[in-house]
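Residue-level structure breakdown
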Amino acid sequence: MKTDELRARLEGAIAFPVTPFHSDFSLDLAGLRKNICRLLQHPIAAVVAAGGTGEMYSLTPSEHGEVVKTIVNEVHGQVPVISGTGFNRTIAMDLARQASDLGADAILALPP
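Residues numbered from 1 in each chain as written. Predicted model: local features only at pLDDT ≥ 70, side-chain atom pairs only at ≥ 80, totals over all residues. Heavy atoms only, no water.

1. So, helix 3 (residues 61-75)
If you check helix 3, its first and last C-alpha atoms are 21 Å apart, about what 15 residues at 1.5 Å a residue would give, namely 21 Å. The complete set of buried residues in helix 3 reads E63, H64, G65, V67, V68, T70, I71, V72 and V75. Turning to helix 3, the residues buried within the fold contact helix 2 (29-39), strand 2 (44-49), strand 3 (81-85) and helix 4 (89-101). Of the residues one or two after helix 3, H76 is the one with positive phi, at around 55°. (Helix = DSSP H or I, 4+ residues; strand = E, 2+ residues; numbered from the N terminus. Expected span 1.5 Å × (residues − 1). Buried < 20%, exposed > 50% of the residue type's maximum accessible area, 1.4 Å probe, protein only. Contact = heavy atoms within 4.5 Å.)

In structure tokens:
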């Protein structure tokens, strides 16, 4: 998605869904899909994957990719997907590349 197109679509609320975990701290991707499905029933401007509710710092890079991929697949292009990135410069760049490869439209750069 081009920058101008993204800016034009970002009018209204941007959703920051919580990434659910099972009791053993593994990702609950079925629960995440359910959360996204419910969010899409409302007029949101975009969805942020793994950013803003603190879970990004609890995820491995692989799990981060699973969250981004799950949200991108569930959204089906209805709204832009913004991926959280952070930690340090190198990891943030890796997470941003991974998110782009998985279909995220933009990143949210969180402080280290």
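2. Some details on the pairing of strand 4 (residues 106-109)
As defined by bridge partners, strand 3 adjoins strand 4 across four bridges and the pair is classed as parallel. Bridge assignment links G84 to a residue of strand 4, and that residue is L108. In terms of handedness, the path from strand 3 via helix 4 over to strand 4 forms a crossover that is right-handed. (Pairing = 2+ DSSP bridges. Right-handed = clockwise from strand over helix to strand, strands pointing away.)

3. Notes on the packing of helix 2 against helix 3
The interhelical angle for the contact between helix 2 and helix 3, taken along N-to-C directions, is 40°, at an axis separation of 10 Å. Classified by the angle between their axes, helix 2 and helix 3 sit oblique to one another. For the element pair helix 2 and helix 3, the recorded crossing hand is right-handed. Contacts from L29, L32, R33, I36 and C37 of helix 2 reach helix 3 at E66, V67, T70, I71, E74 and V75. Tallied by class, the residues present in the contact of helix 2 with helix 3 amount to seven nonpolar, one polar and three charged. (Axes fitted to C-alpha atoms, helices over the stretch in contact; angles between N-to-C directions. Parallel < 35°, antiparallel > 145°, perpendicular 65-115°, else oblique. Left-handed = near helix turned anticlockwise from the far one by under 90°. Nonpolar A, V, L, I, M, F, W, Y, C, P; charged D, E, K, R; others polar.)

4. Side note on the nonpolar core
Ranked by size, the top nonpolar core spans 22 residues in total, and within it I36, V47, V67, I71, V75 and V81 carry the most contacts. For this core, the elements supplying multiple residues, two or more each, are helix 2, strand 2, helix 3 and helix 4. In terms of residue count, the dominant contributor to this core is helix 3 (five residues). Not counting residues within four places of it along the chain, the set of residues in contact with I36 comprises P17, V47, I71, E74 and V75. In this structure, A46, V48, I82 and A106 belong to the second largest nonpolar core, which totals five residues. (Core = buried A, V, L, I, M, F, W, Y, C linked by side-chain atoms within 4.5 Å.)

5. Structural notes on the side chain of T70
Looking at the secondary structure, you find T70 in helix 3. A residue is classified by how much of its surface remains accessible, and T70, at 10% relative accessible area, is buried.

6. Overview of the environment of I107
As for its position among the elements, I107 is in strand 4. When the C-alpha atoms of I107 and D94 are compared, they prove to be 12 Å apart, with 13 residues separating the residues in sequence. In this structure I107 touches I82, S83, T85 and A96, once residues within four positions along its chain are discounted.

7. With respect to the pattern of salt bridges
Side-chain pairs of opposite charge can arise whenever the charged atoms involved come near each other. Under the criterion given, the structure shown has two salt bridges. Across the pair D94 and R97 runs a salt bridge, and its minimum N-O distance is 3.3 Å. A residue pair is termed a helical-turn pair when its members lie 3 or 4 positions apart in one helix, as D94 and R97 do in helix 4 at three residues. (Salt bridge = Lys/Arg side-chain N within 4 Å of Asp/Glu carboxyl O.)

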